[in-house]
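# Descriptive structure summary
Here is what each chain is made of, one letter per residue.
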Amino acid sequence: MNEEKKILKVALDVPIDQLFDYLSDGSSVLLGQQVKVPFGRRVVIGVVCEFAGSSALSANKLKKIISTDNEVLCDKELLHLIKFSANYYHHPIGQSILSIIPTNIKQDKNVTLRKEMVYKASSKLTKDWVITIPNRQQTKKKLADILIKQSIRQSSLKNIASNATKVIQELKLLGICSEEEWSPKIENKENKAPNLNKEQIAAINQINKDKFFHPWLLFGITGSGKTEVYLNLIHNFLKEDDAQILVLVPEINLTPQLENRFRKRFQHTKIVTLHSNLNTSERLANWRQAKSGEAQIILGTRLAIYTPIKHLKLIIIDEEHDMSFKQQEGLKYHARDIALVRARNLNIPIVLGTATPSLESWLNTKLMNAKYKLLKLNKRAVAESSLPTIKIIPTNQDRNNPISPLIMKAIQKRMDRKEQVLVFINRRGFAPVLVCGSCGWSANCKRCSAKLVVHLNQKRMKCHHCGYERKMYVQCEDCGNTDLHPVGSGTQRVEDSLREMIPTAKVVRVDRDSMRKKNALENLFKETNQGKVDILVGTQMLAKGHDFPNLTLVIVLGADNALYSTDLRASERLFSQLMQVAGRAGRGSLKGEVMIETNFPNHPIFKAVKSHDYEAYANSLLDERKFLDLPPYSYSAILKAESKKLALVEIFTNDVSEWAEQISSEVQIFGPVRPVMERVNGYERINIYVQSLERKNIQNMLNIWLHQIRQHPLANKIKWNIDVDPI
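When helices and strands are tallied, the protein chain shows 21 helices and 31 strands. The C-alpha radius of gyration of the protein chain comes to 28 Å, within 12% of the 27 Å expected for a compact globule of 727 residues. Along the first, second and third principal axes, the C-alpha atoms of the protein chain reach 80 × 70 × 65 Å. In the protein chain, which comprises 727 residues, the share counted as buried stands at 51%. Considering only contacts within the protein chain whose residues lie at least 6 apart along the sequence, 75% involve residues at least 24 apart. Between the mean site of the 105 positive side-chain charges and the mean site of the 76 negative ones, the protein chain shows a separation of 4 Å.

Below is the structure:
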């Protein structure tokens, strides 16, 4: 810090869009350093963002910082990126910066990560010794039985018995078992890289040729070996001294299997993961290893784009089209778009991999002055595998059974051949609605504009929007009739039907209800690859990224639901989902088949999916969007306002929409309008949409409009926010 600039401009986690001025305590302070400062009656953690020689506040009103921490949380490059994000997405600068800092630092908990132990049987543990354990010591007996067969990880003890941690220590003292630090098991036999085909080699060579900023769109059909391209690129880029690579995936459930594959290939390379399934201590330890340069490969979900990385040389975005990359709360950034900005700032290449590119990315390869370079992988990586045959079949009309005879016959054929089946239905629960057979009454959520979903196994009704739940209704609330019917199907109903129809098959349901435990999904995928599962029934958790060589049949139920959506991107999302889930079939040497139920077999979506023709369908969508001046040919933002009192939110949105109309003739205003979900968790919602053909027009308009909105008398009495580039 320059001696003449003793004013520190500090970012604080408060909803005010400014930096706060503090006096230095005389110590040497660095940009991005963590400081403790007084704020009102509290002492809070902040980050130093700028230095100044003077302040708008008088000298007697300036407070000194309380202390500094030696740790620099954000370097200059990262601060620049977050400031850009805060400005572009119109979110308070302090909240933006503090949102990327690990929780333990913000809570001033500098916890040291405890190493996990694993317990192994010693030579003293024999079956004869187990027989001597008294019957009342059931936990000791259970642990001993397991140890004879396999080692036990510390994290799994709580699943065995509530007192297992205490008992394992007793066994250790008796010399029955020993402990050592646990580390991920790597199978050396799979370390060898597979042979690449000509398309993969060409893509790798193209990117390796020029290691400066270029966005590369790696457009490859499902099973074309995009991950193998990533691995080869990483191997090449890591040859540079101190090089670090950032790999982003859209969802947590893709991280463990990708991590496992990376660890097998890079056994002597430090790899860390960053995602919400880690506890706060694990996340902090991994974050610091990335920041220090110790970790060479950083694998994470969307927030990982803001990780401080000293020597970043390459960014890879897997499944770049996935809408999970868009943050929906707080700083509403899109990780793919921020990754592009970061790569440009650092002048490094960025690879966007997908089987179904987003329309934004696809358009960027087609413009006369194309912003992205297109690389295609048109063949499956496994030489003997081919794309699955896709059949469009009529929707089952039997309301009592979600599995039609046609589908049942196809499933039974796979069971006879000892092959695996995936049944995809993007709706969890038993049935989406409970209806009275007499008067037509249906069970609604008391707090939302939504139906309560039937969860028959738990005998509960649940709202999937606000979390409200109650006991099953036994009679109609309007007419008292007890003849209530669950209408429609969810994952639980499909699972129950399959178990009843094929009692010998191992059927496993995969959704948020069944996969709550840590590592549950990872363990399931291991079992599936080992042939211990016959039929998988699940939601979009199963739709992408998973590789099951023995899975030869994919069934898609309820695909038509998306066709009724008012969402602009519904058809784009459905096409991507169908292509992704279809890509799970026939990835090995066995031929795959996909059966999609629909009432609209001639719809353009199903025709394109059947012919595996993304390009034709994407180009037709772009033509529609261009004609209507819709994204990606225009730019938009949404003002979302909500209050428990509808009158307040109506007054607020009516006033601010009138102000918006007067700001710029280059920006169109739509609304105020109620969204499809008019009420969520008791809050009445109203939106205002703004749209323009130029991005700068939207940004200029928002700068003026937001300043006006903050002056509105109701601005602090209702909840409101801006979502730029909504999806």
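The next thing to look at is helix α19 (residues 614-628). Under the 1.5 Å per step criterion, the end-to-end length of α19 is 21 Å for 15 residues, consistent within 8% with the ideal 21 Å. Among all positions of α19, only Tyr-614, Tyr-617, Ala-618, Leu-621, Leu-622 and Arg-625 are buried. Down the axis of α19, the sector holding all buried residues measures 140 degrees, keeping them to one side. Facing away from the buried side of α19, by more than 90 degrees, are the exposed residues Asp-623, Lys-626 and Phe-627. If you follow the buried residues of α19, they end up packed against β9 (215-220), α13 (359-366), α17 (570-582) and α18 (604-610).

Throughout the structure, instances matching the rule amount to 31 salt bridges. Between Asp-723 and Lys-326 there is a salt bridge whose closest N-O contact spans 3.0 Å. Of this pair, Asp-723 sits in strand β31 (residues 719-724) while Lys-326 sits in the loop between β13 (312-318) and α12 (335-346), and the two are 397 residues apart along the sequence. Across the pair, Lys-326 and Asp-723 agree in class, each one buried. Where Glu-572 meets Arg-625, a salt bridge forms, and the shortest distance between an N and an O atom there is 3.2 Å.

Its boundaries defined by the atoms lining it, the second largest pocket holds a volume of some 920 Å³. Lining the second largest pocket are 34 residues, with Asp-337, Leu-340, Asn-364, Tyr-372 and Arg-695 positioned closest to its centre. Going through the elements one at a time, α1 (76-88), α12, α13 and β27 (635-643) are the ones with two or more residues in the lining of the second largest pocket. In terms of residues, the lining of the second largest pocket owes the most to one element, α12, which gives six residues. The residue inventory of the lining of the second largest pocket, partitioned by class, reads 17 nonpolar, seven polar and ten charged.

Examined against the element boundaries, Asn-687 turns out to sit in strand β30 (residues 683-692). Side-chain polar atoms of Asn-687 contact the side chain of Tyr-689, separated by 3.3 Å. With residues up to four places along the chain from it excluded, the contact list for Asn-687 reads Ile-638, Leu-639, Lys-640, Ala-641, Gly-671, Pro-672, Val-673 and Pro-675.

Further remarks concern the pairing of strand β24 (residues 535-538). By the alternation rule, side chains of β24 split into Ile-535 and Val-537 and Leu-536 and Gly-538, which are all buried. Note: strand β17 (residues 420-425) against β24, four bridges, orientation parallel. Paired with Leu-422 across the bridge in β24 is Leu-536. Inspection of the sheet shows strand β23 (residues 507-510) paired to β24 by four bridges, in the parallel sense. When the sheet's bridge partners are listed, Val-507 is paired in β24 with Ile-535.

Once that is clear, we can look at the sheet that holds strand β21 (residues 469-471). One open sheet accounts for three strands, arranged β19-β20-β21; its pairing is antiparallel. Looking along the sheet, the strands with just one partner apiece sit at the ends: β19 (453-455) and β21. Taking each pair of neighbouring strands and ignoring which way they run, the sheet shows an average axis angle of 30 degrees. Of the pairings in the sheet, the one linking strand β20 (residues 460-462) to β21 comprises three bridges and is antiparallel in character. Among the inter-strand pairings, Arg-460 is bridged to a residue of β21, identified as Lys-471.

Where strands meet in a sheet, backbone hydrogen bonds hold them as pairs that are either parallel or antiparallel. With antiparallel pairing, five strands are arranged side by side in an open sheet as β2-β1-β4-β3-β5. Every interior strand has two partners, whereas the edge strands, β2 (20-23) and β5 (67-72), have only one. Averaged over all pairs of adjacent strands, the angle between strand axes in this sheet comes to 45 degrees, irrespective of strand direction. Where strand β3 (residues 33-39) meets β5, three bridges bridge the pair, whose relative direction is antiparallel. Directly across from Val-35, in β5, lies its bridge partner Thr-68.

Structurally, Phe-606 is set in helix α18. When its relative accessible area of 0% is taken as the criterion, Phe-606 is described as buried. Residues contacting Phe-606, with those up to four places away along its chain left out, are Ile-392, Ala-559, Asp-560, Leu-563, Leu-578, Ile-596, Thr-598, Phe-600 and Pro-601.

What counts and how
- Residues numbered from 1 in each chain as written.
- Predicted model: local features only at pLDDT ≥ 70, side-chain atom pairs only at ≥ 80, totals over all residues.
- Heavy atoms only, no water.
- Helix = DSSP H or I, 4+ residues; strand = E, 2+ residues; numbered from the N terminus.
- Rg over C-alpha atoms; globule rule 2.2 N^0.38 Å.
- Buried < 20%, exposed > 50% of the residue type's maximum accessible area, 1.4 Å probe, protein only.
- Contact = heavy atoms within 4.5 Å.
- Lys, Arg positive; Asp, Glu negative; His and termini not counted.
- Charge placed at Lys NZ, Arg CZ, Asp CG, Glu CD.
- Expected span 1.5 Å × (residues − 1).
- Arc of directions from axis to C-beta.
- Salt bridge = Lys/Arg side-chain N within 4 Å of Asp/Glu carboxyl O.
- 1 Å grid on protein atoms, 1.4 Å probe; cavity = no way out; pocket = protein on both sides within 12 Å on 5 of 7 lines; lining within 4 Å.
- Points joined across faces, edges and corners; volume = space filled by probe spheres on them.
- Nonpolar A, V, L, I, M, F, W, Y, C, P; charged D, E, K, R; others polar.
- Polar contact = N/O pair within 3.5 Å; in protein donor to acceptor, adjacent residues only side chain to side chain.
- Pairing = 2+ DSSP bridges.
- Axes fitted to C-alpha atoms, helices over the stretch in contact; angles between N-to-C directions.

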